[in-house]
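# Overview (structure and organization)
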Amino acid sequence: MSAARMRVGFIGLGVMGAPMARHLLAAGHDVAVWARRPEAADALVAAGAARCASPAALAARSEVVFTIVTTGADVEALAFGAGGLLAGFAPGAIHVDMSTIAPATAREIAARYAKSRVRWLDAPVSGGAVGAEQASLAIMAGGEAETLEAVRPLLEAMGRTIVHIGPVGAGQVAKACNQMVMVSAIQACAEAMRLAQAHGVDLAAVRNALMGGSAASRVLEVMGQRMVERDFVPGIEARLHHKDFGLLIEEAVRSGTPLPVAGQVAQQLNALMACGWGRDDTASLLRVLERMA
């Protein structure tokens, strides 16, 4: 593979994937795309990407294929379904999955690929839509170090922090840890704002004070402001955090790992979903507390 110009495929052209694919184009790579809804690829095709008729066709012209989709089942279907990536991959090709899926699913996919000498990297990301737009994502990689180095120039076009966590599946473990910390912090912000509400204290003033002290964080900065403004238009839809917490609680059960705070946050996310706010921002955890009052 050339470190300068690589033949790259990209699947998953949503709020995260579309800007990530644009960065690869801007870096001078030969980018091809496939989308279940053809119109999702129109802007990238207009910008110079090639459109492929199927995942298999995409894989056949690519040294590396990136996917960033919703569930592990989506990744498996793209890889092994009719007209899937495996049907087009040449030996030595690499599938980099940037979705958030179960570590066990990542390991199973990698093992199936290995039989055809296709390489795998699980490389989930943190940073949200803003990080995708600014190419400032944190990328957590699981897989062989050699595979990571082969695609590092591509990852550097999309992210600012690239860490090799360990073997296959380790990237997904790190992403579960990231989601635990982040969403638990969102819940803590919601509880702080709810307590301020209960005392009739100005929420903006409370947030500003906290941002000047040891409670300051990126979560308080962004999500606290959303709660102050009651801006629940999604940056990332809450249903995706609900899905992620389902995965990490399943991993906790499998490994017998006690996660008491994460367990409580998972229940608050369940309540959020029951309220019908899954397609709103996770700042809606404040609304869950308000409804409970």
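Look up: the structure comes first, before these words.
Residues numbered from 1 in each chain as written. Predicted model: local features only at pLDDT ≥ 70, side-chain atom pairs only at ≥ 80, totals over all residues. Heavy atoms only, no water.

## Observations regarding unusual backbone geometry
Positive phi values are uncommon outside glycine, yet arginine 117 reaches one of about 60°. Its place among the elements puts arginine 117 in the loop between helix H6 (103–114) and strand E6 (119–122). You can call arginine 117 exposed: its relative accessible area is 61%. Its identity as a non-glycine residue notwithstanding, alanine 135 has a phi of 55°, on the positive side. Topologically, alanine 135 is positioned in the loop between helix H7 (128–134) and strand E8 (137–142). (Helix = DSSP H or I, 4+ residues; strand = E, 2+ residues; numbered from the N terminus. Buried < 20%, exposed > 50% of the residue type's maximum accessible area, 1.4 Å probe, protein only.)

## Brief notes about the environment of alanine 271
For alanine 271, the location among the structural elements is in helix H13 (residues 260–274). You can call alanine 271 partly exposed: its relative accessible area is 25%. Note: C-alpha distance between alanine 271 and glycine 224 (47 residues apart in sequence) is 20 Å.

## With respect to the packing of helix H10 (residues 203–211) against helix H11 (residues 218–229)
A packed helix pair is summarised by two numbers, namely the angle formed by the two axes and the spacing between the axes. In contact at an axis separation of 9 Å, H10 and H11 are set at 170° when each is read in the N-to-C sense. One element, H10, and the other, H11, form an angle in the roughly antiparallel class. Contact residues: H10 offers Leu203, Ala204, Arg207, Leu210 and Met211, while H11 offers Leu220, Glu221, Gly224, Gln225 and Val228. Among the residues forming the contact of H10 with H11, the class breakdown is six nonpolar, two polar and two charged. (Axes fitted to C-alpha atoms, helices over the stretch in contact; angles between N-to-C directions. Parallel < 35°, antiparallel > 145°, perpendicular 65-115°, else oblique. Contact = heavy atoms within 4.5 Å. Nonpolar A, V, L, I, M, F, W, Y, C, P; charged D, E, K, R; others polar.)

## Some remarks on the pairing of strand E2 (residues 30–34)
Burial analysis of E2 places four of its five residues in the buried class, the great majority of the element. Between the parallel elements strand E1 (residues 7–11) and E2, the chain passes through helix H1 (residues 17–26) in a crossover that is right-handed. Alignment of E2 against strand E3 (residues 50–51), held across two bridges, turns out to be parallel. Its bridge partner being in E3, alanine 32 is matched across the sheet by alanine 50. (Right-handed = clockwise from strand over helix to strand, strands pointing away. Pairing = 2+ DSSP bridges.)

## Thoughts on the pairing of E6
Of the pairings in the sheet, the one linking strand E5 (residues 94–97) to E6 comprises four bridges and is parallel in character. When the bridges of E6 are listed, valine 96 appears paired with leucine 121. Considered for its hand, the β-α-β crossover made up of E5, H6 and E6 is right-handed.

## Re the side chain of serine 54
Checked against the element boundaries, serine 54 lands in the loop between E3 and helix H3 (55–60). A polar atom in the side chain of serine 54 sits 3.1 Å from the backbone nitrogen of alanine 57. Apart from the residues within four sequence positions on either side, serine 54 is in contact with Trp34 and Gly83. (Polar contact = N/O pair within 3.5 Å; in protein donor to acceptor, adjacent residues only side chain to side chain.)

## Focus: the packing of aromatic side chains
Under the definition given, this model contains four aromatic pairs. Seen from their ring centres, phenylalanine 89 and tyrosine 113 are 5.8 Å apart, and the 70° between their planes marks the pair as edge-to-face. Of the two residues, phenylalanine 89 sits in the loop between helix H5 (85–88) and E5 while tyrosine 113 sits in helix H6, which places them 24 residues apart along the sequence. Accessibility assignment for this pair places phenylalanine 89 and tyrosine 113 in one class, buried. Grouping aromatic residues by their ring pairs yields a cluster made of Phe80, Phe89, Tyr113 and Trp120. The aromatic ring of phenylalanine 80 is capped on one face by arginine 112, whose charged end is 3.8 Å from the ring centroid. (Phe/Tyr/Trp six-rings, centres within 6.5 Å; stacked < 30°, edge-to-face > 60°. Lys NZ or Arg CZ within 6 Å of the ring centre and 35° of its normal.)

## Re helix H12 (residues 238–255)
Here H12 is 18 residues long and its end C-alpha atoms lie 26 Å apart, about the 26 Å a rise of 1.5 Å per residue gives. Taken together, the buried positions of H12 are Ala238, His241, Asp244, Phe245, Leu247, Leu248 and Ala252. Tucked into the core, H12 has its buried residues touching helix H9 (170–198) and H13. Of the residues one or two after H12, glycine 256 is the one with positive phi, at around 70°. (Expected span 1.5 Å × (residues − 1).)

## Brief notes about the state of the cysteines
Going through the model one piece at a time under the given rule, you end up with zero disulfides. With no disulfide of its own, cysteine 189 has cysteine 275 as its nearest cysteine by sulfur position, at a separation of 19 Å. (Disulfide = S-S within 2.5 Å.)

## Here we look at the environment of arginine 279
Note on placement: arginine 279 falls in the loop between H13 and helix H14 (285–292). Through-space distance from the C-alpha of arginine 279 to that of arginine 112 is 34 Å; in sequence the pair is 167 residues apart. Excluding residues within four positions of it along the chain, arginine 279 makes contact with Pro234, Glu237 and Arg239. Of the polar contacts made by the side chain of arginine 279, one reaches the side chain of glutamate 237; its length is 3.2 Å.

## Focus: H10
Looking at H10, one finds that the buried residues are Leu203, Val206 and Arg207. The buried residues of H10 all sit within an arc of 95° when viewed along its axis, so they share a single face. Taken together, the buried residues of H10 touch H9 and H11. Its side-chain oxygen 3.3 Å from the backbone nitrogen of alanine 204, aspartate 202 forms the N-cap of H10. (Arc of directions from axis to C-beta.)

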